[in-house]
Amino acid sequence: MSFFVSTRGASPKVDAPHAILNGIAPDGGLYIPETLPRITPESLQGLDFIGMAKAILTAYLPGYTAEEIDACVDAAYSGKFDVPDIAPVKKVGKHWVLELFHGPTAAFKDVALSVLPRLMSTAMKKTGFKNRIMILTATSGDTGSAALTGFSDVEGIGITVFYPNEGISPIQRAQMTAMKGDNLHVCAVKGNFDDAQSGVKQIFAEMEQNDGVSLSSANSINFGRLAPQIVYYYSSYLKLVEDSVINMGDPVDFCVPTGNFGDILAGYFARCSGLPVARLLCASNRNNVLTDFLASGCYDRNRPFHVTLSPSMDILISSNLERLVYLALGRDGAKTAELMAQLKKDGRYTLPEEAFKAVRSAFEGAYVTDEEALKTIARVWKEEGYLLDPHSAVAYRAAEELEGKVPCVVLSTASPFKFPSTVLTALELPIPEDAAEQLKVMEDVCKASAPETLSSALTRPVRFKDVVAPAEMQAYVAEAMKA
């Protein structure tokens, strides 16, 4: 059986259930499979999304039985999404748009965070884990509501979500602060996402278990969050084969709006496992630290932080990049640990030349300004009758800029209804002050209804109003663990 190892090389190997329960390795590294499984698209042909998820997760998560994976996937997806194929693909202009916003919170995080709670509960049972678990996560907008929905009232598990007090959309805030569930804790942080994420990492490094409660994570630093995202790369590829856009084995590009590098990294795992991916196009907003890294090999977060119209990408410390660095370094844990220590100390590091060549063989990057994103939303709506959210608009425009010789699938990560004021700005329409009224204007324009999960969030009473400074996050978690 294959095991999981830490990217920093100083923690014992574990199986998938233990890796998912731990979230982060004891040495501070991220868990990654010791070997990546071989999964050809031909082996999945004829399966629906749920069937592909079962096959891929069984291959990627050794330590779970096929029957356990089947049960987790069925419980996660059956009847929970508003379309039968979970992640449909639509032709929009020259590109194909992979819609990942048909789940319970209208964002791509639902695909993974519907499965993770089941994987974690199963792991607790099969490992004889006696403690209760507190899920600790930072969100730049969408992870929070998806994680809260997935873990709401799950037995033996609580969840604490931190989000930046400024920068997220009113609907994103409403989804989190009005969420139902007796095991939930939601708190704003004075600062940006990087402040919240750094605080969470520090808590993992410093806090011990408290009164029989252990910590774990729902961010994509937890491999159980990352693995389900591999599935839709395969499903979209096979959809293009089915529609005769490509022949089996033909290469395809994927363009991904990303900040924390988890979603695009799932595409890299798919590529390593045998999916014919030509290039992974990394689309950033004005916080273009990843664009610069992919152009130079130098990761440097010493730059201004910008609050943009695509808040889920407002990130300067891309945690999942560590996994790519580890693979590019030939799985050298000691060197990876050295670079991550340098990042913490100096705010920057530079990849060795051979490692950078390995990264450049698969990735290209581009960044898109708010002004370009707004123009893209307006143009695509006018020319194609298709409405993009601001994150997907960043990816669509980047795909145009980096257009290659093979078909490109653009990952659409959120419903445009999650960002009504931005979309109405792009379309040069009146913007009511009230978010619910904004949704109504959008519904009139689109001749379509907003997802019920969004409209209902605005009418529920606010439950969580706490705001803390980064230095106060650990004390907040300690109180939540007692509760």
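What comes next is a walk through the structure. Remember, predicted model here, so these are calculated numbers, not experimental data.

The rules behind the values
Residues numbered from 1 in each chain as written. Predicted model: local features only at pLDDT ≥ 70, side-chain atom pairs only at ≥ 80, totals over all residues. Heavy atoms only, no water. Pairing = 2+ DSSP bridges. Helix = DSSP H or I, 4+ residues; strand = E, 2+ residues; numbered from the N terminus. Contact = heavy atoms within 4.5 Å. Axes fitted to C-alpha atoms, helices over the stretch in contact; angles between N-to-C directions. Buried < 20%, exposed > 50% of the residue type's maximum accessible area, 1.4 Å probe, protein only. Salt bridge = Lys/Arg side-chain N within 4 Å of Asp/Glu carboxyl O. Expected span 1.5 Å × (residues − 1).

### Observations regarding the sheet that holds strand β5 (residues 132-138)
Adjacent strands of a sheet pair through backbone hydrogen bonds, lying either parallel or antiparallel. Pairing is parallel across the open sheet formed by five strands, whose spatial order is β8-β5-β6-β7-β15. The sheet terminates laterally at β8 (213-217) and β15 (467-468), the two strands that pair on one side only. Both β5 and strand β6 (residues 157-164) contribute to a ladder of six bridges, which runs parallel. When the sheet's bridge partners are listed, Ile 133 is paired in β6 with Ile 157. Sitting on the sheet, helix α8 (residues 193-206) is in contact with β5, β6, β7 (184-189) and β8, with an inclination near 150° to β5.

### Side note on unusual backbone geometry
If you check the backbone angles, Ala 106 has positive phi at about 65° while not being a glycine. Mapped onto the secondary structure, Ala 106 falls in the loop between β4 (95-99) and α4 (109-113). The class of Ala 106 is buried, set by a relative accessible area of 1%. Of note, the phi angle at Arg 331 is positive, near 60°, even though the residue is not glycine.

### So, the sheet that holds strand β13 (residues 363-367)
Taken in spatial order, the six strands make up an open sheet running β3-β4-β14-β9-β10-β13, and their pairing is mixed. Looking at the sheet topology across the chains shown, the edges are occupied by β3 (89-92) and β13. Strand-to-strand twist across the sheet, computed as the mean angle between neighbouring axes with direction ignored, equals 25°.

### Focus: the pattern of salt bridges
Per the counting criterion, the structure on display carries 20 salt bridges. Linking Glu 322 and Arg 8 is a salt bridge whose minimum nitrogen-to-oxygen distance equals 2.8 Å. Note that Glu 322 is positioned in helix α13 (residues 321-328) and Arg 8 in the loop between β1 (4-6) and α1 (16-22), a separation of 314 residues in sequence. Taking relative accessible area as the criterion, Arg 8 reaches 24% and is therefore assigned partly exposed. Put simply, Asp 243 and Lys 239 hold a salt bridge, and the shortest N to O gap is 3.8 Å. In this structure Lys 239 comes out as partly exposed when scored by relative accessible area, which is 26%. One connected set of salt bridges, linked through shared partners, spans Asp 253, Arg 279 and Glu 364.

### Observations concerning the environment of Val 467
Relative to the elements of secondary structure, Val 467 occurs in strand β15. Between the C-alpha atoms of Val 467 and Ser 121, which are 346 residues apart in sequence, the distance is 30 Å. Dropping the residues within four chain positions of it, Val 467 is found in contact with Asn 165, Cys 187, Ala 188 and Lys 190.

### A short note on helix α10 (residues 231-242)
With twelve residues, α10 should reach 16 Å at 1.5 Å per residue; the first-to-last C-alpha distance of 16 Å fits that figure. A large share of α10 lies buried, amounting to ten of its twelve residues. For α10, the full list of buried residues reads Val 231, Tyr 232, Tyr 233, Tyr 234, Ser 235, Ser 236, Tyr 237, Leu 238, Leu 240 and Val 241. Two residues or fewer past α10, Ser 244 is found with a positive phi of approximately 60°.

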